[in-house]
Structures are given as structure tokens and as C-alpha cells.
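These are the residues of each chain, in order.
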Amino acid sequence: QKEVEQDPGPLSVPEGAIVSLNCTYSNSAFQYFMWYRQYSRKGPELLMYTYSSGNKEDGRFTAQVDKSSKYISLFIRDSQPSDSATYLCAMTPSGGSYIPTFGRGTSLIVHP
Amino acid sequence: SQTIHQWPATLVQPVGSPLSLECTVEGTSNPNLYWYRQAAGRGLQLLFYSVGIGQISSEVPQNLSASRPQDRQFILSSKKLLLSDSGFYLCAWSLVAGGLTDTQYFGPGTRLTVL
């Protein structure tokens, strides 16, 4: 079992839809959770960063962490064609190694 | 603000040729630096990381090597490329601040095709 599981998709939605992207993980030591967006042929860019459980909102994006279920989500409201990209989750434990463990990414396609 | 540069952006090399990819970071000091490879349809594979000048840790045994000759410069090299070295190479940097974990920031990447 991989430490971080992420459905590769592609996930295809119409413009304006609410998108839910998810990752599950097995290491209960993970405390810091990140979401990256990667456009085709570009480097990943950090979207959101959260610590421990709870929600964090930034514009149309909401990151949610449920540590009891070892499940994290990224919600995109009012999705736009410009949101079409691959979304990678990443996480690290508190203390010890600071190198994130990445999911393989979910490809999102928002069609007009 | 911090910026990270990688070059070249695209590279096509024959099998058996040498490789040198360069990464530089501006606007910060003593960053942690990382080399990743991202093969088509696959996740990020950590190749090397460095916590300081001359300090390199290798994550995957292979025909690649890395060096950090200056604080904000990270170089990925190979003496003889293999077909399997094709991929998208990403450099990243991070800082550890106040006990918080690193958040990695990525460069634009180098797309390497070995023919």
C-alpha cells in the first residue's frame, strides 16, 4: 500500500461545477498537508497549505483535512476551464524528515 | 521574493551522452534543494536533496549524480544517459522555519528526451 493514494483521473466536469479532489494516506504521523496545481509542462505551484485537521478557505478553493479518517480533500467552487490541471497532494509528519510524500496527482478537465 | 530558475527548459540528447541540468534560487539563503523526476503519467520521484553546500543525499541508485557548488545552485549530472532517463526534471527549494515543516516550491522544469 502506498503511503499516499490519489486517483489519477481524469476527472471531467462542466464549467461552474463544484470539484472534489481527494487523497487518502496511511501514516498517522502526517500533520502538514499541501495541495499543488500543475499545468501541463510546468512545475507544480503551491495552492494551499494546512496543518492538522479542519478546513481552510482561499477564494474558490477549500482544503479539508480529516485525520481520523486519514483523508484530505480540495474543493473548487465555480470551476473554470483555467482550473484544468493536475492536482497533487503532499504531506509531511511533524518533526523528523521534512521531505513531503506526494500523491501521484489527479488530472482535472473543466470543459466550457 | 524568492524565485527559482532551471535551464535548459527542453533538452534532446542521444543515449550515452553526458547531462548537466542547472537550478538556481534567488532571494533566500541556505535553502534545502531537491531534484525530482516526473515520468509521464507517474508521480514525483525524489532523486537527490541537499541541506547545504557539498551535502547531497541520494534517494534512488542510478547513473545520475548531483552537486551543490554554491549555496543557491544545484546541478544534476550524468556521464552517460540511458533511454530510461527521459522525463520531466524538477528542482525545488524549501526552508525550515521555526520548527514548521518545509513547503516546497518548484522550478519550471526541464523536459529531457533521450533518443
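None of the values given here were measured: they were computed from a predicted structure.

What counts and what doesn't
- Residues numbered from 1 in each chain as written.
- Chains lettered and ligands numbered in written order.
- Predicted model: local features only at pLDDT ≥ 70, side-chain atom pairs only at ≥ 80, totals over all residues.
- Heavy atoms only, no water.
- Helix = DSSP H or I, 4+ residues; strand = E, 2+ residues; numbered from the N terminus.
- Rg over C-alpha atoms; globule rule 2.2 N^0.38 Å.
- Buried < 20%, exposed > 50% of the residue type's maximum accessible area, 1.4 Å probe, protein only.
- Contact = heavy atoms within 4.5 Å.
- Pairing = 2+ DSSP bridges.
- pLDDT = per-residue confidence, 0-100.
- Salt bridge = Lys/Arg side-chain N within 4 Å of Asp/Glu carboxyl O.
- 1 Å grid on protein atoms, 1.4 Å probe; cavity = no way out; pocket = protein on both sides within 12 Å on 5 of 7 lines; lining within 4 Å.
- Points joined across faces, edges and corners; volume = space filled by probe spheres on them.
- Nonpolar A, V, L, I, M, F, W, Y, C, P; charged D, E, K, R; others polar.
- Core = buried A, V, L, I, M, F, W, Y, C linked by side-chain atoms within 4.5 Å.

**Let's talk about the overall build of chain A**
- In terms of regular secondary structure, chain A is built from 0 helices and 11 strands.
- Reading the secondary structure of chain A in the N-to-C direction produces β-β-β-β-β-β-β-β-β-β-β.
- Relative to the compact-globule value of 13 Å for 112 residues, chain A shows a C-alpha radius of gyration of 13 Å, a close match.
- Structurally, chain A occupies a C-alpha span of about 45 × 25 × 25 Å along its principal axes.
- In chain A, buried positions account for 43% of the 112 residues.
- Of the contacts made within chain A by residues no fewer than 6 positions apart, 55% connect residues no fewer than 24 positions apart.

**Some thoughts on the sheet that holds strand E3 (residues 19–25) of chain A**
Residue and element names in this part refer to chain A.
- The strand order across the open sheet formed by 5 strands is E1-E3-E8-E7-E6, and the pairing between neighbours is antiparallel. Two strands in the sheet have a free side with no partner beyond their single neighbour: strand E1 (4–5) and strand E6 (54–58).
- Pairing geometry for E3 and strand E8 (residues 71–76), over 6 bridges, is antiparallel. In the strand pairing of E8, Asn22 is matched with Ser73.

**Here we look at the confidence of the model for chain B**
- Taken over all residues, the pLDDT of chain B has a mean of 90, while the share at 70 or more is 92%.
- The least confident element of chain B is strand E6 (residues 55–58) of chain B, whose mean pLDDT is 90; the most confident is strand E2 (residues 10–13) of chain B, at 97.

**Some points on the pattern of salt bridges**
Residues and elements named next belong to chain A.
- On inspection of all chains with the given rule, the structure shows 5 salt bridges over all chains.
- Residue Glu45 is joined to Arg37 by a salt bridge in which the shortest nitrogen-to-oxygen separation is 3.2 Å.
- In this structure, Glu57 and Arg77 form a salt bridge, with 3.4 Å as the shortest nitrogen-oxygen distance. You can see Glu57 sitting in strand E6 and its partner Arg77 sitting in the loop between E8 and strand E9 (85–93), a full 20 residues away along the chain.
- By relative accessible area, Arg77 is classed as partly exposed at 29%.

**Describing the layout of surface pockets**
- The computed volume of the largest pocket comes to approximately 600 Å³.
- If you go around the largest pocket, you meet 23 residues; those closest to its centre are Phe102(A), Gly43(B), Leu44(B), Gln45(B) and Leu46(B).
- Taken together, the elements giving at least two residues each to the lining of the largest pocket come down to strand E10 (101–102) of chain A together with strand E4 (32–38) and strand E5 (44–52) of chain B.
- Per element, the largest residue contribution to the lining of the largest pocket is 3 residues, and it comes from E5(B).
- Considered class by class, the residues forming the lining of the largest pocket number 10 nonpolar, 7 polar and 6 charged.

**Points about unusual backbone geometry**
- In this structure, Pro10(A) follows Gly9(A) across a cis peptide bond, with omega equal to 10°.
- Its place among the elements puts Pro10(A) in the loop between E1 and strand E2 (11–14).
- Each neighbour pair has its own omega, and for Trp7(B) with Pro8(B) the value is 0°, a cis peptide bond.
- With respect to the helices and strands, the residue Pro8(B) is situated in the loop between strand E1 (3–7) and E2.
- Unlike most non-glycine residues, Asp78(A) shows phi in positive territory, near 45°.
- By secondary structure assignment, the location of Asp78(A) is in the loop between E8 and E9.
- For Asp78(A), a relative accessible area of 42% translates into the label partly exposed.
- Phi is positive for Asn30(B), close to 50°, though the residue is something other than glycine.
- Topologically, Asn30(B) is positioned in the loop between strand E3 (19–26) and E4.
- Given the relative accessible area of 47%, Asn30(B) is considered partly exposed.

**As for the nonpolar core**
- By size, the foremost hydrophobic cluster in this structure holds 24 residues, and its most contacted members are Trp35(A), Ile72(A), Leu74(A), Tyr87(A) and Met91(A).
- Sorting the residues of this core by element identifies E3, strand E4 (30–38), strand E5 (45–51), strand E7 (61–66), E8, E9 and strand E11 (106–111) of chain A as the ones contributing at least two each.

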